[in-house]
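Residues per chain, in single letters:
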Amino acid sequence: MVTSRVRRRFRGTGRLSGLTSAALAALLLAACSSHDKASELTAPRNHLLSEDRSATGGDDQLSGGVNAYLWRGALDTLSFMPIASADAVGGFILTDWYTPPADHDERFKITAYILDRRLRSDALRLTVFRQVREGNEWVDMPPAANTASDITTKVLTRARQLRAENGDRDN
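Note that the structure is a prediction, hence the values are computed from the model and not measured.

**Quick word on helix α5 (residues 147-165)**
Taking 1.5 Å of rise per residue, 19 residues should cover 27 Å, and α5 covers 27 Å from first to last C-alpha, within 8% of that figure. The set of residues buried in α5 consists of Thr 147, Ile 151, Thr 152, Val 155, Leu 156, Ala 159 and Leu 162. Down the axis of α5, the smallest arc covering the buried residues is 160°, so these residues share one side. When the buried face of α5 is taken as reference, the exposed residues oriented beyond 90 degrees from it are Lys 154 and Glu 165.

Written as structure tokens, this is what we have:
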């Protein structure tokens, strides 16, 4: 169909050879067939949800090489804070600043990195940032020494609970 249109359009011009019109027709056909692929590539997808395995019971690995139980455990544990950024493939979660309801002159931010495919305590690195308001400015202050380890323990406990709910399966 495309070939006949091309031939009709350029018939009588004498400028296109048979080889040129055949090449043009092939190019037009290729462009038409790639249209469907282009629309598939531009369709929006939620990568975070596509990697979330909790609905199916989970398994021990996401496509990026991080432990799915640790990933879900970290999300569940940090869900009381606003999440600024989360990457299931890269294995990191960054929260936004959180101000506890009891103290409006103090705020916290957490970064969590899942570093391994195995459910182990050294596969999780968690850093807590703390700021205190002095006048109208926020000043960086160190958090209590046990804050990061306490939150890490909660993440690991939740990850182990998720794994137990999945029948202690790693895959």
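Moving on from the model shown.
**Digging into the pattern of salt bridges**
This model, assessed by the stated rule, comprises six salt bridges. Taking the shortest distance from any N to any O, the salt bridge between Arg 130 and Glu 106 comes out at 2.6 Å. Here Arg 130, found in strand β4 (residues 124-134), pairs with Glu 106, found in strand β3 (residues 106-114); they are 24 residues apart in sequence, far enough to count as distant. The exposure class of Arg 130 is partly exposed, given its relative accessible area of 23%.

**Considerations on the side chain of Thr 111**
Here Thr 111 is to be found in strand β3. Each residue touching Thr 111, except ones within four places of it in the same chain, is listed here: Ile 93, Leu 94, Arg 125, Leu 126, Thr 127 and Phe 129.

**Things to note about the nonpolar core**
By size, the foremost hydrophobic cluster in this structure holds 24 residues, and its most contacted members are Leu 70, Ile 93, Ile 110, Leu 126, Ile 151 and Val 155. Looking at this core, the elements that each hand over two or more residues are α4 (68-77), β3, β4 and α5. Ignoring any residue separated from it by four or fewer positions in sequence, one finds Leu 126 in contact with Ile 110, Thr 111, Ala 112, Ala 148, Ile 151, Thr 152 and Val 155.

**Topic: the sheet that holds strand β1 (residues 83-87)**
Read across the open sheet, the five strands follow the order β1-β2-β3-β4-β5; overall the sheet is antiparallel. Every interior strand has two partners, whereas the edge strands, β1 and β5 (137-141), have only one. Adjacent strand axes in the sheet meet at a mean angle of 15° when their direction is disregarded. Running over the sheet, α4 touches β1, β2 (92-95) and β3 and is turned about 5° from β2.

**A short note on the confidence of the model for the chain**
Any region with low pLDDT has predicted coordinates that should not be read closely. Looking at the chain as a whole, the pLDDT averages 75, with 61% of positions reaching at least 70. Below a pLDDT of 50 lies the segment residues 2-10, which in the model reaches eight contacts outside its immediate sequence neighbourhood of four places, other chains included. With pLDDT under 50 throughout, residues 23-62 is counted as low confidence; its partners more than four residues away or in other chains account for 39 contacts.

Conventions we followed
Residues numbered from 1 in each chain as written. Predicted model: local features only at pLDDT ≥ 70, side-chain atom pairs only at ≥ 80, totals over all residues. Heavy atoms only, no water. Helix = DSSP H or I, 4+ residues; strand = E, 2+ residues; numbered from the N terminus. Expected span 1.5 Å × (residues − 1). Buried < 20%, exposed > 50% of the residue type's maximum accessible area, 1.4 Å probe, protein only. Arc of directions from axis to C-beta. Salt bridge = Lys/Arg side-chain N within 4 Å of Asp/Glu carboxyl O. Contact = heavy atoms within 4.5 Å. Core = buried A, V, L, I, M, F, W, Y, C linked by side-chain atoms within 4.5 Å. Pairing = 2+ DSSP bridges. Axes fitted to C-alpha atoms, helices over the stretch in contact; angles between N-to-C directions. pLDDT = per-residue confidence, 0-100.

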